[in-house]
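Chain and residue survey
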Amino acid sequence: MRIPKKWCRWLMWSFIFLLLLLLWRGIQQLFQADDDNITRGDNSIVDHWGIDNNDINWLPGLVQRRSEEIPVVVVEEHYEVLKYWFQAADLDLIPKSRNTLVHIDGHVDGALPYDTEVLPWFRYPRSRMDVYNMMQRNDMFITAAAITGLISHVIWVWPQWDSKDHDPAEDHLVIDLKMGYTRVKMETGMTSHVNDLCACWKIRDSTDLDFKKEESQGWECHRKNFTETEVEDGPQIDHSECLIQALGVMEVMGEASAAKWLRQLQPMSVNSGLILDIDEDFFGCWSDMFPLQQVEITEDNVVFLSDSVKDLFCAQTAKEESVVDMFYRAIINFIVTLKSKSCEIIGEFVGKKGKPCLTSVAISNYIIENIPNLIQFFKEFGNKHIFCYEDQKVIGLYLQNLMTILQDLTIPQLQSLSELGLCFQTSPSSRYFSSSPHMHICLGENTPKNTQVNFHLPSESEIKSQTASLQKIFSSLFKSPNIVTVCRSVRDGYTPKIFSAQIESAILGKVAQVFRRVDPENILFDSNLLGGKAGWKNRSMSWDQQLLGYLSLSEYREIDG
């Protein structure tokens, strides 16, 4: 049977159209893949939402169920809230602009991001890559969100324990803000100019409740300095030089009077959504360097040890991070077990059986002999091979170097290091993670030599009183929040690790108590949390005894020297 010519032509054009359609869809998927995924230097594709779909599907799941509950999420580093804020806006849980943020934190977090050229200036993010580019540092996320217009009214509640760092006027301070860009001439001899961000601000008179948009008098304006992260540290410019693109309000209030001022709150936009954001370091700020100093470990010692660690382990995800930490702590426990039987500690004999003590030479030899067994243990129990090298001899050399350093430490020093553990310097979702995915001693950045904040270790009674204070603040909000975000701030070394689980439980408990539409069973714990849902302090130590059993050390036996 022959097909008529007109049908042949129709089939031919249909076939061509189908090919073009498939080609176009392929191109769209290619661009979508480039847009929604982040490629690291090792050519692996990593999504800043994490390695599974739990994080990214959580909010859409709530919407699909047509649930009226208030979403609550716990993240590790503060910029990670941006993932959930913008997804909430995409899902119409909050407007895409002019939202109010109640920010309860020990720090204002108002610094300007390092790389401003990659930010979506004065527009809503068009892709997840836009959001990813905003996730640069913990104290930079609010400004990044404000530049997009997502938030225009920020209320920062600072803790009472930090009152010595605040003027009495900051009991309630209202600052009007304008943001825009200015033309900056490049280096001498060049005729080209570039746009750079600028901001103007003015403290509002307590008797004047209205924002004066058109006034140009009394404003202090600065442009971004290429070497500074704080806008106010940049060069001062004239009001006319800053081409204003967005308006905002910043309110600063102390914990003691926050409830009173929040009851009188007049949102900048009556139709604004409300984001409630709590940092756990609102309860206190401490450095992990302090307990190390008590056992005579210096920051230089930590750097030296971290250098040996990063040569050995090359993890890529938060789950791999936890596996490496378990192995490291098991190694330390192994060394502590040997050293507890050393002649320096117990004398010449130990126990009723009269077994001889272990000399330092015997301990050293036993450790070296078991390097292959340690590597094999990790491969069997760790599931994934996350050493930096494939060659077992190279791994053995680096592992032996680490063990030698650890062996020279005292048992109290080893126990302190074990409690700190190993972790990444920043979250895997950070824009800068790919440039520093190395493991290090989990000390954080908040050290006595490198801090701009006051240290405060809360007592048990203070935690209880501050929890009650939070309840008053929550109850004073002008409306229930549309989304609640809680930041741990443990990885960066701010929230005291010893109380972090207690603080988090107190915050989440009060959130659920005050806002009845919060379901405690549906709180999301982000996949990049340090130590997972349980937290770093409560992380698993299951490998400690497993390794001793693997090396036949679960019970003390004689080791020939």
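Look a little higher up for the structure.
This text gives an overview of the structure that appears in the document. Since we're looking at a predicted model, the values are computed, not measured.

1. Focus on the packing of helix H9 (residues 318–339) against helix H13 (residues 392–407)
Direction vectors running N to C along H9 and H13 enclose 50°, while the axes themselves pass 10 Å from each other. By the angle between their axes, H9 is oblique relative to H13. Seen from above, H9 lies across H13 with right-handed handedness. Contacts between H9 and H13 pair Ile331, Ile332, Phe334, Ile335 and Lys339 from the former with Leu399, Met403, Leu406 and Gln407 from the latter.

2. Things to note about the pairing of strand E3 (residues 72–75)
On E3, burial covers both faces: Val72 and Val74 on one face and Val73 and Val75 on the other are all buried. As judged from the four bridges shared by E3 and strand E16 (residues 483–487), these two strands associate in the parallel manner. Each residue of the ladder has a partner; that of Val74, found in E16, is Val486. The sheet contact formed by E3 and strand E17 (residues 524–525) spans two bridges and is parallel. Counterpart to Val73 in the pairing with E17 is Leu524.

3. Regarding the environment of Gln136
Mapping Gln136 onto the fold places it in the loop between helix H4 (128–134) and helix H5 (141–148). In this structure Gln136 comes out as buried when scored by relative accessible area, which is 3%. Through-space distance from the C-alpha of Gln136 to that of Ser430 is 6.1 Å; in sequence the pair is 294 residues apart.

4. Quick word on the environment of Glu220
In this fold, Glu220 is placed in strand E8 (residues 220–223). With 17 residues separating them in the primary sequence, Glu220 and Ile237 have C-alpha atoms 8.1 Å apart. Not counting chain neighbours up to four residues away, the residues in contact with Glu220 comprise Ala199, Cys200, Trp201 and Gln236. One polar contact links Glu220 to His222, side chain to side chain, over a distance of 2.8 Å.

5. Considering helix H11 (residues 360–369)
Residue pairs spaced three or four apart in an α-helix point in one direction, given the helix's 3.6 residues per turn. Buried within H11 we find Ala362, Ile363, Tyr366 and Ile367. The buried residues of H11 occupy an angular sector of 130° when projected down its axis, which confines them to one face. Buried residues in H11 make contact with H9, helix H12 (371–381) and H13.

6. Notes on helix H2 (residues 54–64)
Asp55, Ile56, Trp58, Leu59, Pro60, Gly61 and Leu62 are the residues of H2 that are buried. Considering only its buried residues, H2 is in contact with E3, helix H3 (81–90), H4, E16 and E17. In the stretch just after H2, Arg66 is the one whose phi turns positive, near 55°.

7. Digging into the side chain of Lys178
If you trace the backbone, Lys178 turns up in strand E6 (residues 172–185). For Lys178, a relative accessible area of 3% translates into the label buried. Within polar-contact distance, the side chain of Lys178 engages the side chain of His239 at 3.1 Å.

8. Focus on the pairing of strand E10 (residues 243–254)
Sheet topology note: the strand E5 (residues 151–158)/E10 ladder contains six bridges and is parallel. Residue pairing in the sheet places His153 in a bridge with Val249 of E10. Of the strand pairs in this sheet, E6 and E10 are connected by ten bridges, and their pairing is antiparallel. Across the sheet, Tyr181 pairs through a bridge with Leu243, a residue of E10.

Analysis parameters
- Residues numbered from 1 in each chain as written.
- Predicted model: local features only at pLDDT ≥ 70, side-chain atom pairs only at ≥ 80, totals over all residues.
- Heavy atoms only, no water.
- Axes fitted to C-alpha atoms, helices over the stretch in contact; angles between N-to-C directions.
- Helix = DSSP H or I, 4+ residues; strand = E, 2+ residues; numbered from the N terminus.
- Parallel < 35°, antiparallel > 145°, perpendicular 65-115°, else oblique.
- Left-handed = near helix turned anticlockwise from the far one by under 90°.
- Contact = heavy atoms within 4.5 Å.
- Buried < 20%, exposed > 50% of the residue type's maximum accessible area, 1.4 Å probe, protein only.
- Pairing = 2+ DSSP bridges.
- Polar contact = N/O pair within 3.5 Å; in protein donor to acceptor, adjacent residues only side chain to side chain.
- Arc of directions from axis to C-beta.

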